[in-house]
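Chain and residue survey
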Amino acid sequence: MLNGYILLFFLGGSLASFFVLVGQRTRNSQSIVLPKSHCSVCKHELSWYELVPVFSFLFLRGNCLFCFSTIPRQSMCWEVVSGLLFILLYCLLESLSLFIGLNVLWFISVIVINYKI
């Protein structure tokens with residue numbers, strides 16, 4: 001059961017990370033597909049281990065691995081909240097369609113908020 005919760009947390013965190021990117025890149029009139037995820041300062045393309053929700057932020061101590069510029073904490077906060085929300089909704093809701101619907105609404109709000117920030 002614990003493995004399922006860990007999987008839900010990472011799924012929620014990964015989706016949050018992607019939707020934060022969508023909001024930010026849409027605001028800046030950039031493609032959400034290319035370029036790949038990169039440091040906003042030095043443009044270093046991020047490796048897979050730099051993209052793991054929450055843990056990469058903690059492992060890198062909130063800094064880019066190459067230029068040591070600060071990674072915004074806002075991204076990690078969205079990942080944590082979304083991961084926990086995934087677990088909470090899974091535990092509270094018996095309906096898969098309601099679970100999916102509420103998560104869709106949550107991620108739409110993540111995009112809109114990050115588009116405006």
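Look above for the structure.
Residues numbered from 1 in each chain as written. Predicted model: local features only at pLDDT ≥ 70, side-chain atom pairs only at ≥ 80, totals over all residues. Heavy atoms only, no water.

1. So, the overall build of the protein
Summing up its helical and strand segments, the protein has 4 helices and 0 strands in all. Traced from its N-terminal end to its C-terminal end, the protein shows the element sequence α-α-α-α. Against the globule reference of 13 Å for 117 residues, the protein gives a C-alpha radius of gyration of 15 Å, in line with a compact fold. For the protein, long-range pairs separated by at least 24 residues make up 55% of all intrachain contacts whose partners lie at least 6 apart in sequence. (Helix = DSSP H or I, 4+ residues; strand = E, 2+ residues; numbered from the N terminus. Rg over C-alpha atoms; globule rule 2.2 N^0.38 Å. Contact = heavy atoms within 4.5 Å.)

2. Re the pattern of salt bridges
Inspection of the entire model under this criterion finds 1 salt bridge. With its nearest N and O atoms 4.0 Å apart, the salt bridge here joins K36 to E45. A residue is classified by how much of its surface remains accessible, and K36, at 53% relative accessible area, is exposed. (Salt bridge = Lys/Arg side-chain N within 4 Å of Asp/Glu carboxyl O. Buried < 20%, exposed > 50% of the residue type's maximum accessible area, 1.4 Å probe, protein only.)

3. Structural notes on the side chain of E50
With respect to the secondary-structure elements, E50 resides in the loop between α1 (2-27) and α2 (55-59). Within the buried set, E50 has no salt-bridge partner at all; the shortest N-O distance to an opposite charge, 12 Å, is to K36. The contacts of E50, once residues within four sequence positions are left out, are H44, E45, S56, L60 and L65. (Lys, Arg positive; Asp, Glu negative; His and termini not counted.)

4. Some remarks on the nonpolar core
Among the nonpolar cores identified, the biggest contains 14 residues, and L8, W78, F86, F99, F107 and V110 are the most heavily contacted of them. Per element, the largest residue contribution to this core is 5 residues, and it comes from helix α3 (residues 73-92). Other than its neighbours up to four places away in sequence, F107 contacts G12, L15, A16, F19, S82 and F86. (Core = buried A, V, L, I, M, F, W, Y, C linked by side-chain atoms within 4.5 Å.)

5. Remarks on the environment of N3
Within the fold, N3 resides in helix α1. Judged by relative accessible area, N3 falls into the exposed class, the value being 63%. Along the chain, N3 and C64 lie 61 residues apart, while their C-alpha atoms are 30 Å from each other.

6. Looking at the packing of aromatic side chains
Two descriptors summarise a pair of aromatic rings, namely the distance from one centre to the other and the angle between the planes of the rings. For the structure on display, the rule yields 9 aromatic pairs. Centre to centre, the rings of W48 and Y49 are 5.7 Å apart; their planes meet at 90°, and the pair counts as edge-to-face. A relative accessible area of 69% places W48 in the exposed class. With a relative accessible area of 38%, Y49 lands in the partly exposed category. Three or more aromatic residues joined by ring pairs make a cluster, and in this case those are F18, F19, F86, Y90, F99 and F107. (Phe/Tyr/Trp six-rings, centres within 6.5 Å; stacked < 30°, edge-to-face > 60°.)

7. A closer look at a nonpolar patch on the surface
A cluster of nonpolar side chains, contributed by L96, L98, I100, L102, V104, L105, I108 and V112, occupies part of the molecular surface with about 710 Å² of accessible area. L96 sits in the exposed class, given a relative accessible area of 60%. (Patch = residues over 30% accessible without salt bridge, like charges linked within 9 Å, V, L, I, M, F, W, Y side chains within 5 Å. Areas by Shrake-Rupley, 256 points an atom, 1.4 Å probe, with all protein chains shown as cover.)

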